[in-house]
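A closer look at the structure
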Amino acid sequence: MKVTLDEVAARAGVSLATVSRVLGRRGAVAESTRAKVLEAMSELGYSRSTLLHDAPRRLVAVSAPGNPEHWQVQVCTRVAKALQDHDLLVTRPLVETDPEPLQTAIDAGAVALVTTTMTSLNTEIPCIRVAEQSATEEDGSPGTEVPVEGAAGTGSSGSGPVASGSGGTGSTGSTGPGSADVIAARLDLGGGMTTAFEHLRAIGHRRIGLICNDSGELSVQLIRRFLAEHPARNLGLNLEDWISRVPKSFSGGSRAVLELKDATCTAVIVQSALQLHGALHGLRNRHLQVPRDMSVVGFGDSPTMKFTGPPATVLGLDVEGLSNALIAATLQTLRISTTGLPSVPPVFRPRLVARTSTTAARQ
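Quick notes on the rules
Residues numbered from 1 in each chain as written. Predicted model: local features only at pLDDT ≥ 70, side-chain atom pairs only at ≥ 80, totals over all residues. Heavy atoms only, no water. Helix = DSSP H or I, 4+ residues; strand = E, 2+ residues; numbered from the N terminus. Buried < 20%, exposed > 50% of the residue type's maximum accessible area, 1.4 Å probe, protein only. Areas by Shrake-Rupley, 256 points an atom, 1.4 Å probe, with all protein chains shown as cover. Core = buried A, V, L, I, M, F, W, Y, C linked by side-chain atoms within 4.5 Å. Contact = heavy atoms within 4.5 Å. Salt bridge = Lys/Arg side-chain N within 4 Å of Asp/Glu carboxyl O. Polar contact = N/O pair within 3.5 Å; in protein donor to acceptor, adjacent residues only side chain to side chain. Axes fitted to C-alpha atoms, helices over the stretch in contact; angles between N-to-C directions. Parallel < 35°, antiparallel > 145°, perpendicular 65-115°, else oblique. Left-handed = near helix turned anticlockwise from the far one by under 90°. Nonpolar A, V, L, I, M, F, W, Y, C, P; charged D, E, K, R; others polar. Pairing = 2+ DSSP bridges. pLDDT = per-residue confidence, 0-100.

**Focus on the overall build of the chain**
A count of helices and strands for the chain gives 11 helices and 13 strands. Burial status across the chain gives 50% buried among its 363 residues. Summed over all atoms, the accessible surface of the chain reaches about 16,600 Å², with 52% contributed by carbon and sulfur.

The following block contains the structure:
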């Protein structure tokens, strides 16, 4: 008499779905659970037909930049887990710094790239990513969905994410570099910078500096928004003097904050957590106090920001919202989900989390 999978599941004391995952070698299954299922199969004499082959599983690359911020890693981790729950294989190559890991993933059969990078990577597969809110001239206008090789089904209902073409048309037929970009969400860096400036201006700061990475698209966008939104932009001052581009490192932040202090800044906005920790250390070493002698605002929250000395005021990002937008756009692009997406990608504006690293400017 033929043994069924239901009988195997009952003998092993697990669900039918767990047995299926063990047989298909997919999804996360504890080693002890896998052993129980295999033991139950052996005891019952279950054998899988040699005529049945494993269904092909699609590979998706989920990538943060080569030198990511904490929020970018958080988003990628959430996206990777969700895609694995939908029975997709996931690889995690770094992007931006070296094209070889991503190309290796593509050569291995990756059908899409999901990334928190904010610029086009000119990939030959769909690149599902985040864009800066004001970068419409770079990302193109709303268009149709990007076709994906190996995608199941004929399409989905509703509107799709914004597809960005190299010529800015977003058309399905474009095949040039960058034509496969799918904008799943937009990050309003300008709005976030305005929020930080409004907070600092309200407590009397006008000479506000920026510490940012010396490379990378995020730093480029932050500088652009810093210059465009700075409260002193119309006063004839050279705002470049208040921008310190340094490596994303503890020592970089320590050096930069002292340079900006010498440039008479009374407050700084800091791109990375490493730089922020360095800035606090550098000020302490010069016997300066935060926030009495320098107010500090970090870009992006992380668990360590609550325990700096003093706890850091930050521009927090909606990690869950960004993750969900990327997940939904990926599932729709791969024709796994039939849920329609909004024709205009959601916009996420950093929110101010006020702690004790900012205070009124000294008169």
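**Observations concerning the environment of His277**
Of note, His277 is situated in helix H10 (residues 273–285). For His277, a relative accessible area of 27% corresponds to the partly exposed category. In the structure, His277 is positioned 24 residues away from Gly253 in sequence and 7.3 Å away in space, judged by C-alpha atoms.

**Some details on unusual backbone geometry**
With an omega of 10°, the peptide bond running from Val290 to Pro291 counts as cis. You can see Pro291 is positioned in the loop between H10 and strand S10 (295–299). The omega torsion of the bond from Gly309 to Pro310 falls at 0°, within 30 degrees of zero and hence cis. With respect to the element layout, Pro310 can be found in the loop between S10 and strand S11 (313–316). Unusually for a residue other than glycine, Asp87 sits at a positive phi of about 70°. When you line up the elements, Asp87 lands in the loop between helix H4 (70–85) and strand S2 (89–91). Among the residues examined, Asp87 registers a relative accessible area of 31% and is labelled partly exposed. Residues other than glycine seldom take positive phi values, yet Thr264 does so here, at roughly 75°. Within the secondary structure, Thr264 sits in the loop between helix H9 (250–262) and strand S9 (267–270).

**Considering the nonpolar core**
Formed by 50 residues in total, the largest nonpolar core has its most connected members in Val60, Trp71 and Ile269. Residues in contact with Trp71, not counting those within four places in the same chain, are Thr116, Leu187, Leu218, Phe299, Leu317, Val319 and Leu322. If you look at the next biggest cluster of nonpolar residues, it comprises 23 residues, including Ile211, Leu239, Leu260 and Ala279.

**Here's the deal with the pattern of salt bridges**
Considering all chains together, one arrives at 12 salt bridges under this definition. One network of salt bridges, with partners in common, ties together Arg292, Asp293 and Arg362.

**Focus on the side chain of Asn213**
With respect to the helices and strands, the residue Asn213 is situated in strand S7 (residues 208–213). The class of Asn213 is buried, set by a relative accessible area of 7%. Here Glu69 takes part through its side chain, which lies 3.4 Å from a polar atom of the side chain of Asn213. Excluding anything up to four places from it in sequence, Asn213 contacts Glu69, Ser219, Arg245, Val246, Lys248, Gln271, Ser272 and Gln275.

**Focus on the packing of H9 against H10**
Across the interface, H9 lies against H10 with an axial gap of 6 Å and an inter-helix angle of 55°. Classified by the angle their axes make, H9 and H10 are oblique. For H9 against H10, the interelement crossing comes out right-handed. Across the interface between the two elements, Phe250, Gly253, Ser254, Val257 and Leu258 from H9 touch Leu274, Gln275, His277, Gly278, Ala279, His281, Gly282 and Leu283 from H10. In terms of residue class, the contact of H9 with H10 is built from six nonpolar, seven polar and no charged.

**A word on the sheet that holds S10**
In spatial order, the strands read S8-S7-S9-S10-S11-S13; together these six strands make up an open sheet with mixed pairing. Single-partner strands in this sheet number two, and they are strand S8 (243–246) and strand S13 (351–353). Between one strand and the next, the sheet's axes are offset by a mean angle of 20°, whatever the strand orientation. As judged from the four bridges shared by S7 and S9, these two strands associate in the parallel manner. Among the inter-strand pairings, Ile208 is bridged to a residue of S9, identified as Ala267.

**Looking at the confidence of the model for the chain**
Looking at the chain as a whole, its pLDDT mean stands at 83, while 83% of the residues score no less than 70. Low pLDDT, under 50, characterises residues 50–55; the predicted model gives this stretch three contacts beyond four residues in sequence or across chains. Predicted confidence for residues 165–179 stays below pLDDT 50, and this span has 28 contacts to residues more than four positions away or in other chains.

**What to know about the side chain of Thr115**
Within the secondary structure, Thr115 sits in strand S3 (residues 110–115). Polar contacts involving the side chain of Thr115 include one to the side chain of Thr117, which spans 2.9 Å. Contact partners of Thr115, with chain neighbours within four places excluded, come to Ser63, Val95, Leu121, Cys127, Ile128, Arg129, Val130 and Leu326.

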